[in-house]
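Report on the structure
The chain contents come next:
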Amino acid sequence: MRIDAENLSFAYPEAGFRLDGVSFYVESGESVAITGRNGSGKTTLGKLLCGLLKPQGGRVLFDGEDTSGWSLPRRGKRIGYLFQEPSKQLFAPAVMEELTFTQELMGTPADEAARRAYEVLSRFDLSKLASQGTYTLSRGEKQRLAICGLLLHSPEALVLDEPTTGLDKRRGELLAEAIRECLSGGVSVIMISHDREFVKNNASREIRLEDGKVV
Amino acid sequence: MKNNAVPKNNAQIDPRVTFLFVFLLSAASVMLRDALTLVPVLVSAAVAAGWARAPFGTLLRRLRGLWAALLAVTLFQALFSGDVVSGLLTGAAVLERLLVLMLGGSLLAGYPGHALVQGMIQLRLPYQLAYMVSIGLRFLPRFRESFQDSLTAMQLRGVDFRRMKLRRRFKVYAYLLMPAVVSGVNSARKLSMAMELRGFGAYPERTAYLPLRMKERDWLAFAAVLLWAAALMAGQILWRIYT
Ligand SMILES: Nc1ncnc2c1ncn2[C@@H]1O[C@H](COP(=O)(O)OP(=O)(O)O)[C@@H](O)[C@H]1O
Ligand SMILES: [Mg+2]
């Protein structure tokens, strides 16, 4: 899916921060990195893209369609968002349930939901955690489980906020592989990251934010 | 030192007196069954809250979802039970009770946490218990936040709550409450571990920075509460005799 950000602006007056006139695009099947120092507004921009925050000016287009009036679930069906803090995103007490619960809510039969869940867990080297609880997972494991949750619903675009935090080299490589697979399926990927090497190896373009502006 | 553990907005009544009053209010609202006899309890709770300028409005707004749902359920039950009048009276009693409890809660909410804890300690409740209550209060907002995060995460996976049948929706909420509780309890446990590592609980008594002392007006308030309780009981007894 192609994503266009047009002239986005958003302010946190109490923090003295504003994102100002941010425009860029991401093609279908393209991977773009959003980089910048701490506090430059990367997370804020990610939230604007997936609808967690409403822009105070400008708009976000999905395949040319203005998403301004869209509900969160409507956007969520097309875009997957990895929170910067993945533990906030996990809602189930057990790893398997984390992946089957929303599928079943949306009408997938239980056995099919479980099959898909196992498949995506094995892609991220998490199969042996399938019967565990979610609270005792390490940060990196939570991160990967959250990404599994996004991929289950076959999104057309991904916004990943600091996806490599807490991942070792091998798990980072698994993530990169999954990203490449998504890209070849036409999914566009926006990765927000500090990790220079990961960005260099996995993004075709870099959008740099400084004090709420694209530079 | 001045007795500055007690804030101005509760007309500076010692929290222990308020504990007693709120306890009696709650007991009365649980023991009395019908809408009519609950009226004097409700009135006295409202008068006390008004006099103490308790933050009732804030509490009402915070618990909007809760009381709106209860109101709906009560009305529903009243209208579809065989006898509408007695159904409505039962509904009214439920609402009155709820209001009394909320007014009592708002009386306590007017005190800063440390004054409540100090009150509990000086009432000879174990101070670990008192601290647990105050820690619990502190974690409530976090609890709500985590619940909200879960809802958001599910919506971002495409789950549309507005299109869901009400029963199903409540099931999901119930399901989500569990992790919210666990994460709340986890944070509280971490905090208490940190406190114990610093020696919290090592001594049976604690020195208070801001000890509470009953002053004249506190004793007056105390007497008023006792008189009120006696009058309420006498009223109930007379009412039963004459009806
Ligand atoms: N919920 C919030 N309320 C107020 N200020 C916020 C909030 N979230 C972020 N900010 C402020 O906005 C600025 C940008 O934050 P963020 O987008 O998280 O930056 P980054 O992800 O690039 O580190 C920071 O100065 C931060 O303090
Ligand atoms: Mg960030």
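Everything below is about the structure shown above.
Anyway, here's the lowdown on the structure attached to this text. (Residues numbered from 1 in each chain as written. Chains lettered and ligands numbered in written order. Predicted model: local features only at pLDDT ≥ 70, side-chain atom pairs only at ≥ 80, totals over all residues.)

**Focus: the overall build of chain B**
Scanning chain B from N- to C-terminus turns up nine helices and zero strands. Shown N-terminal to C-terminal, the secondary structure of chain B runs as helices and strands in the order α-α-α-α-α-α-α-α-α. Sequence separation of at least 24 residues holds for 79% of the intrachain contacts in chain B that already meet a minimum separation of 6. (Helix = DSSP H or I, 4+ residues; strand = E, 2+ residues; numbered from the N terminus. Contact = placed C-beta atoms within 7 Å.)

**Side note on the site of ligand 1**
Around ligand 1, the surrounding shell consists of A:Tyr12, A:Glu14, A:Ala15, A:Phe17, A:Gly36, A:Asn38, A:Gly39, A:Ser40, A:Gly41, A:Lys42, A:Thr43 and A:Thr44. When its residues are assigned to classes, the shell around ligand 1 shows three nonpolar, seven polar and two charged. (Near = placed C-beta within 6 Å. Nonpolar A, V, L, I, M, F, W, Y, C, P; charged D, E, K, R; others polar.)

**Observations concerning the interface of chain B and chain A**
Contacts between the two partners involve 17 residues from chain B, matched on the other side by 19 residues from chain A. The set of elements that each furnish at least two residues to the side of chain B that touches chain A consists of α7 (127-156) and α8 (166-197) of chain B. Ranked by the residues each element gives to the side of chain B that touches chain A, the list is headed by α7(B), at seven residues. Split into classes, the residues belonging to the side of chain B that touches chain A amount to nine nonpolar, five polar and three charged.

**Brief notes about helix α3 (residues 95-105) of chain A**
Given 3.6 residues to a turn, an α-helix orients residues that are three or four positions apart in the same direction. All names here are of chain A. Of all 11 residues that make up α3, eight are buried, and the element is covered over most of its length. Considered for burial, the residues of α3 that qualify are Val95, Glu98, Leu99, Thr100, Phe101, Thr102, Gln103 and Leu105. Remark: glycine 107 follows α3 within two positions and exhibits a positive phi of approximately 100°. (Buried ≥ 20, exposed ≤ 12 C-beta atoms within 10 Å, placed from the backbone.)

**Focus: the pairing of strand β9 (residues 205-210) of chain A**
Residue and element names in this part refer to chain A. Taken together, the four bridges between strand β3 (residues 31-35) and β9 define a ladder with parallel strand orientation. Among the inter-strand pairings, isoleucine 34 is bridged to a residue of β9, identified as isoleucine 207. Two strands pair when backbone bridges link them, and β9 and strand β10 (residues 213-214) are joined in this way by two bridges, in the antiparallel orientation. Along β10, the bridge assignment pairs glutamate 210 with lysine 213. Where β9 folds back on β10, the antiparallel hairpin that results is connected by two residues, among which aspartate 211 adopts a positive phi of roughly 45°. (Pairing = 2+ DSSP bridges.)

**Description of the packing of α3(A) against helix α5 (residues 139-152) of chain A**
Residues and elements named next belong to chain A. With their axes 10 Å apart at the nearest point, α3 and α5 run at an angle of 25° to one another. Here α3 lies roughly parallel to α5, going by the angle between them. For the pair α3 and α5, the sense of crossing is right-handed. Here α3 contributes Val95, Glu98, Leu99 and Gln103 to the contact with α5, which in turn contributes Leu145, Cys148, Gly149 and Leu152. Here the residues of the contact of α3 with α5 sort into five nonpolar, two polar and one charged. (Axes fitted to C-alpha atoms, helices over the stretch in contact; angles between N-to-C directions. Parallel < 35°, antiparallel > 145°, perpendicular 65-115°, else oblique. Left-handed = near helix turned anticlockwise from the far one by under 90°.)

**Observations concerning the nonpolar core**
Residues and elements named next belong to chain A. With 63 residues, the main nonpolar core has Leu49, Cys148, Leu158, Val159 and Ile190 as its most contacted residues. By residue number, the principal contributor to this core is α5, which donates seven residues. Residues within four places of leucine 158 in sequence aside, it is in contact with Gly80, Leu150, Cys182, Val187, Val189 and Ile190. (Core = buried A, V, L, I, M, F, W, Y, C linked by C-beta atoms within 7 Å.)

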